[in-house]
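Below are the chains, spelled out letter by letter.
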Amino acid sequence: MNRRGLLAGALFMAAAGGAHAGVAPVQTADMAAAQAAGPKTASAWIAYERQLRARLADAGGGQFDDDFARALLPAANSFRGAAKLQPYAWDDGLAMCARAHAADMASRSYFGHASPEGFLHFDRVALLTRELCGGTAENLAWRDYPTGTAPRDMQTMWEQSPGHRRNLLRADYASAGYGVVKVGGAYYAAGVYAQAGVRLASAFPLWPGQARGLGSALSGASPTIEQLAVTPPFQPPTWMAAPSGQMPALQSGAWQLRPLQRASEGHFDVLSGPVFFVA
């Protein structure tokens with residue numbers, strides 16, 4: 001959706017002096033929606049990852065405002081503190097996702113959780129946050145005021161929107177990262193929040209080779225990965241094995257790590273981990 005279309009939406013607000021501000025409707029697409037949409041091609045995943053890396057290098061033609069982005073974290077944590085919740089910890093990987101999406105929106109003049117190709121925030125996390133396996137959420141905001149804007153303005157918009165407030169107050173989430181791009185008088189801001197079900201000991205490679213060689217790359221994960229599945233991105237698992245066990249050979253394409261975290265005796269939660277490619 002482009003900005004013109006969003007200005008007609010109910011979630012946009014207009015201010016005096018020709019200024020505009022808004023928050024993107026909270027992304028409601030979940031794993032079921034991703035599965036229903038079917039897998040994207042490996043070439044689409046590879047092209048999108050390269051595009052995000054390019055936006056991290058050029059800020060989408062604008063400028064990254066890292067001081068602004070950093071100031072959003074204490075603003076969020078003040079709000080969480082008032083609700084008796086633990087503060088979010090800054091996460092560089094989540095901040096990379098936020099920076100890349102803010103820059104992409106600035107570069108291609110759109111505003112929303114979905115890229116023009118249909119990639120969503122959990123896709124970006126799976127591509128760029130190479131150590132995280134768990135649930136994530138995203139808040140977005142855009143403001144264009146002649147007199148400028150401030151982190152508190154963005155935070156206030158999120159606090160006043162039920163869906164965005166929910167992301168700020170997720171009790172089971174522990175980390176966050178923010179990215180802000182300034183283009184002229186306009187600010188594009190993104191916040192990405194995560195519940196780290198599993199943290200890998202090191203960044204998982206984008207091109208690791210076959211699944212049967214993944215055991216060494218997963219050693220040292222916290223907590224330890226007992227069972228693992230590898231699926232096309234965000235598709236249901238059809239098998240599981242110990243990371244050191246025998247795994248099926250993978251065809252050329254895009255795949256995703258899916259650690260299984262024990263929820264109760266005999267039951268596991270299937271986590272979303274990094275997307276990777278097999279040549």
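Cut-offs and rules
- Residues numbered from 1 in each chain as written.
- Predicted model: local features only at pLDDT ≥ 70, side-chain atom pairs only at ≥ 80, totals over all residues.
- Heavy atoms only, no water.
- Helix = DSSP H or I, 4+ residues; strand = E, 2+ residues; numbered from the N terminus.
- Polar contact = N/O pair within 3.5 Å; in protein donor to acceptor, adjacent residues only side chain to side chain.
- Contact = heavy atoms within 4.5 Å.
- Core = buried A, V, L, I, M, F, W, Y, C linked by side-chain atoms within 4.5 Å.
- Buried < 20%, exposed > 50% of the residue type's maximum accessible area, 1.4 Å probe, protein only.
- Expected span 1.5 Å × (residues − 1).
- Pairing = 2+ DSSP bridges.

## Some thoughts on the side chain of Asp123
- Among the structural elements, Asp123 can be located in helix H6 (residues 121-128).
- Polar contacts involving the side chain of Asp123 include one to the main-chain amide nitrogen of Leu120, which spans 2.8 Å.
- Here Asp123 is in contact with Lys40, Trp45, Gly118 and Phe234, once residues within four sequence places are set aside.

## Here's the deal with the nonpolar core
- Among the nonpolar cores identified, the biggest contains 35 residues, and Trp45, Leu127, Tyr188 and Phe277 are the most heavily contacted of them.
- Contributions of two or more residues to this core are made by helix H3 (42-58), helix H5 (92-108), H6, strand E5 (132-144), strand E7 (186-199) and strand E11 (275-278).
- The contact partners of Phe277, leaving out residues within four places of it in the chain, are Ala42, Trp45, Ile46, Leu127, Leu206, Trp207, Pro208, Gly253 and Ala254.
- With 20 residues, the next largest nonpolar core counts Leu73, Ala176, Val180 and Tyr187 among its residues.

## A closer look at helix H4 (residues 66-82)
- Counted at 1.5 Å a residue, the expected span for H4 with its 17 residues is 24 Å, and the 25 Å between its end C-alpha atoms agrees.
- Phi turns positive, to about 65°, at Lys84, one or two residues after H4.

## Points about the pairing of E7
- Counting buried residues in E7 gives eleven out of 14 residues, a clear majority hidden from the surface.
- The sheet contact formed by strand E6 (residues 175-183) and E7 spans nine bridges and is antiparallel. Looking at E7, one finds that Gly179 is bridged to Ala190.
- Joining the antiparallel neighbours E6 and E7 is a turn of two residues, in which Gly184 adopts a positive phi near 65°.

## So, the environment of Gly273
- Relative to the elements of secondary structure, Gly273 occurs in the loop between strand E10 (267-270) and E11.
- Each C-alpha atom, one on Gly273 and one on Leu257, is 4.8 Å from the other, the two residues being 16 residues apart in sequence.
- Ignoring sequence-local partners within four residues, the contact set of Gly273 consists of Ala126, Leu132, Cys133, Gln256 and Leu257.

Geometric values such as these leave the question of function open.
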